[in-house]
Amino acid sequence: MRLPACLVPCACLAALVACRGAPEPAKQQAQTEQTVTIAPAEPGGLRAPEQFAAIADPQERSRALFLEASQVMLHPRCTNCHPAGDSPLQGDTAQIHDPPVVRGPANEGVPGLLCTSCHQDANLELARVPGAPKWHLAPIEMAWVGLTPAALCEQIKDPKRNGGKTLAQIVEHSAHDELVAWGWEPGHGRTPAPGTQAQFGALMAAWVADGAACPAGEGP
């Protein structure tokens, strides 16, 4: 049947819409989805877990939480004691320990020059020697120097490379360990780790609660 001339434009328009169909789901989502913006932390600080609540997907939120927490673990106060070699590091620029020392068989130095020969249970301000309970190096399989946040995350979740700890034990260690706490009270002229130990522990707990997902990128 031949349409009246006046209806041809309408028929063509209807056919065009039918052929194109509705907007593709991905495009439709992109049109309606709002970008999640999280305010940055104060200089030297950390963002709190609740600031990531706007990220609806638990896996994505977990990844973002770990990236925030990784700023502590990849800070010199932590990486200096998690070296990839047999000597601890010093300062904010990861200098080799002076005087020369080595980790030894138990990561506590060698006989006659144990870590505790110089490092006491607290900072010695007059001597400028840092100190905290159980001062020692992390085992070599727990080396963090040079890792990306993604690689660090995978290592921390692996009991063979995290000291045999469960995720719950990792959270407890992060939040309450006395040697970890030294990172925020490092003594003479040393830059503390970002935020506080309580904030760090809260981030790690939230990361685990949301699925302990690992970031894919090189952030934070």
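As a reminder, the structure under discussion sits directly above these lines.
This write-up is about the structure you can find in this document. Just so it is clear, the model here is predicted, and its values are computed rather than measured. (Residues numbered from 1 in each chain as written. Predicted model: local features only at pLDDT ≥ 70, side-chain atom pairs only at ≥ 80, totals over all residues. Heavy atoms only, no water.)

**Notes on helix α3 (residues 58-73)**
Part 1 of the argument: Here α3 is 16 residues long and its end C-alpha atoms lie 22 Å apart, about the 22 Å a rise of 1.5 Å per residue gives.
Part 2 of the argument: Taken together, the buried positions of α3 are occupied by Arg61, Ser62, Ala64, Leu65, Phe66, Glu68, Ala69, Ser70, Val72 and Met73.
Part 3 of the argument: Residues of α3 that are buried in the fold lie against α4 (76-79), α5 (149-157) and α8 (197-209).
Part 4 of the argument: You can read the cap of α3 off the contacts: a side-chain oxygen lies 2.9 Å from the backbone nitrogen of Gln59, and it is on Asp57. (Helix = DSSP H or I, 4+ residues; strand = E, 2+ residues; numbered from the N terminus. Expected span 1.5 Å × (residues − 1). Buried < 20%, exposed > 50% of the residue type's maximum accessible area, 1.4 Å probe, protein only. Contact = heavy atoms within 4.5 Å. Polar contact = N/O pair within 3.5 Å; in protein donor to acceptor, adjacent residues only side chain to side chain.)

**Focus on the packing of α3 against α5**
Part 1 of the argument: Running from amino to carboxyl end, α3 crosses α5 at an angle of 90 degrees, the nearest separation of the two axes being 10 Å. It follows from the interaxial angle that α3 and α5 lie roughly perpendicular. Where α3 approaches α5, its residues Phe66, Leu67, Ser70 and Met73 are matched on the opposing element by Pro149, Leu152, Cys153 and Ile156.
Part 2 of the argument: Its residues assigned to classes, the contact of α3 with α5 shows 7 nonpolar, 1 polar and no charged. (Axes fitted to C-alpha atoms, helices over the stretch in contact; angles between N-to-C directions. Parallel < 35°, antiparallel > 145°, perpendicular 65-115°, else oblique. Nonpolar A, V, L, I, M, F, W, Y, C, P; charged D, E, K, R; others polar.)

**Some details on the side chain of Arg103**
Part 1 of the argument: Here Arg103 shows up in the loop between β2 (95-96) and β3 (109-110).
Part 2 of the argument: Not counting chain neighbours up to four residues away, the residues in contact with Arg103 comprise Pro83, Gly85, Asp86, Glu108, Gly109, Leu137, Ala138, Pro139 and Ile140.

**A closer look at the state of the cysteines**
Part 1 of the argument: Overall, the coordinates contain 1 disulfide when judged by the stated rule.
Part 2 of the argument: The disulfide partner of Cys153 is Cys214, and the S-S distance across this bridge is 2.1 Å. Taking the torsion about the sulfur-sulfur bond, which here is approximately -80 degrees, the covalent link between Cys153 and Cys214 counts as left-handed. Of the two residues, Cys153 is situated in helix α5 and Cys214 in the segment after α8; the sequence distance between them amounts to 61 residues.
Part 3 of the argument: According to the relative accessible area criterion, Cys214 is buried, its value standing at 14%.
Part 4 of the argument: With no disulfide of its own, Cys118 has Cys115 as its nearest cysteine by sulfur position, at a separation of 9.1 Å.
Part 5 of the argument: A relative accessible area of 41% means that Cys118 is categorised as partly exposed. (Disulfide = S-S within 2.5 Å.)

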